[in-house]
Amino acid sequence: STISKLLDSIGSDELENILSNLSPDAIGDLLSTMSPAQAKQLLDKLSPAQLGEVLSNLSPDVLANTLRSLSPSALGDILTKLSPDNLSSALSNLSPEGLGYVLGSLSPSDLQTILSTLSPEDVAALLKNLHPEDLAGILQKMAPCSAAQLLSAMIPDTLAATLASL
């Protein structure tokens, strides 16, 4: 398609220059007009720092829609490239439903990689607003040791609701 050909012809530096002149909303509008493959192609051209900047500055709705449009493997590829700060910022911008969908869509290895990038306290803070059923599903994908660390960092009320959903 035309967008794919254009993305193929633009180097990373040129793309960075173009994107730096666009507002986060304009970038979100651009991403929303692309197919999932095109969005991944665009996001793949960005360095991890650029990618983190773009994702961190998108509105929660645009971020959720962008991440939802990607396949689970593409989603894992994109998120595992982010620095801990950018990853935490991008994930904390998602609604509880969006976060549950994104984390629930990841393979166990990508989920482990992403959550191990963050401190257990940051992960617990991030996940505290998830629906207990979503959180239980995420915990079941995790390695037992990692799940235990996360559970120990959770506040008692959230922990009780989550354990009741297992």
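Cut-offs applied
- Residues numbered from 1 in each chain as written.
- Predicted model: local features only at pLDDT ≥ 70, side-chain atom pairs only at ≥ 80, totals over all residues.
- Heavy atoms only, no water.
- Helix = DSSP H or I, 4+ residues; strand = E, 2+ residues; numbered from the N terminus.
- Rg over C-alpha atoms; globule rule 2.2 N^0.38 Å.
- Buried < 20%, exposed > 50% of the residue type's maximum accessible area, 1.4 Å probe, protein only.
- Contact = heavy atoms within 4.5 Å.
- Areas by Shrake-Rupley, 256 points an atom, 1.4 Å probe, with all protein chains shown as cover.
- Lys, Arg positive; Asp, Glu negative; His and termini not counted.
- Charge placed at Lys NZ, Arg CZ, Asp CG, Glu CD.
- Core = buried A, V, L, I, M, F, W, Y, C linked by side-chain atoms within 4.5 Å.
- Patch = residues over 30% accessible without salt bridge, like charges linked within 9 Å, V, L, I, M, F, W, Y side chains within 5 Å.
- Salt bridge = Lys/Arg side-chain N within 4 Å of Asp/Glu carboxyl O.
- Arc of directions from axis to C-beta.

**Digging into the overall build of the protein**
And step 1. Each helix and strand in the protein was counted, giving 14 helices and zero strands.
And step 2. Written out in order from the N terminus, the α and β elements of the protein read α-α-α-α-α-α-α-α-α-α-α-α-α-α.
And step 3. The C-alpha atoms of the protein give 17 Å as radius of gyration, which agrees with the globular expectation for 166 residues (15 Å, within 12%).
And step 4. Expressed as lengths along the three principal axes of its C-alpha atoms, the size of the protein is roughly 50 × 25 × 25 Å.
And step 5. Within the span of the protein, comprising 166 residues, buried residues form 39% of the whole.
And step 6. Across the protein, every contact between residues at least 6 apart in sequence was considered, and the portion connecting residues at least 24 apart equals 76%.
And step 7. Taken as a whole, the protein presents about 8000 Å² of accessible surface, with 54% of it coming from carbon and sulfur.
And step 8. Within the protein, the 18 negative side-chain charges are centred at a point lying 8 Å from the centre of the 7 positive side-chain charges.

**Here's the deal with the environment of Leu75**
And step 1. Mapped onto the fold, Leu75 is located in helix H7 (residues 72-80).
And step 2. Note on Leu75: relative accessible area 1%, which makes it buried.
And step 3. Sequence spacing of Leu75 and Asp110 is 35 residues, and the spatial spacing of their C-alpha atoms is 9.0 Å.

**Remarks on helix H5 (residues 48-57)**
And step 1. Within the span of H5, buried status applies to Gln50, Leu51, Gly52, Val54, Leu55 and Ser56.
And step 2. On its buried side, H5 packs onto helix H2 (12-20), helix H3 (24-32), helix H4 (36-44), helix H6 (60-69), H7 and helix H8 (84-92).

**Looking at the environment of Ser32**
And step 1. Note that Ser32 resides in helix H3.
And step 2. Once the C-alpha coordinates of Ser32 and Tyr101 are considered, the two residues, 69 residues apart in sequence, prove to be 18 Å apart.

**Concerning the nonpolar core**
And step 1. Ranked by size, the top nonpolar core spans 48 residues in total, and within it Leu79 and Leu91 carry the most contacts.
And step 2. Those residues in contact with Leu79 that sit more than four places away from it in its chain are Leu67, Leu87, Leu91, Val102 and Ile114.

**As for a nonpolar patch on the surface**
And step 1. On the surface, Ile18, Leu22 and Leu30 cluster together to form a nonpolar patch covering roughly 210 Å² of accessible area.
And step 2. Relative to the helices and strands, Ile18 is located in helix H2.
And step 3. Accessibility expressed as a relative area gives 42% for Ile18, which makes it partly exposed.

**Focus on the pattern of salt bridges**
And step 1. Throughout the structure, instances matching the rule amount to one salt bridge.
And step 2. A salt bridge links Asp77 to Lys40; its shortest N-O distance comes to 3.9 Å. Within this pair, whereas Asp77 is found in helix H7, its partner Lys40 is found in helix H4, the two being separated by 37 residues in sequence.

**What about H8?**
And step 1. Residues of H8 that are buried include every one of Asn86, Leu87, Ala90 and Leu91, and no others. The arc that holds the buried residues of H8, viewed along the axis, is 125°, so those residues lie on one side.
And step 2. Where H8 is buried, its residues contact H5, H6, H7, helix H9 (96-105), helix H10 (108-117) and helix H11 (120-127).

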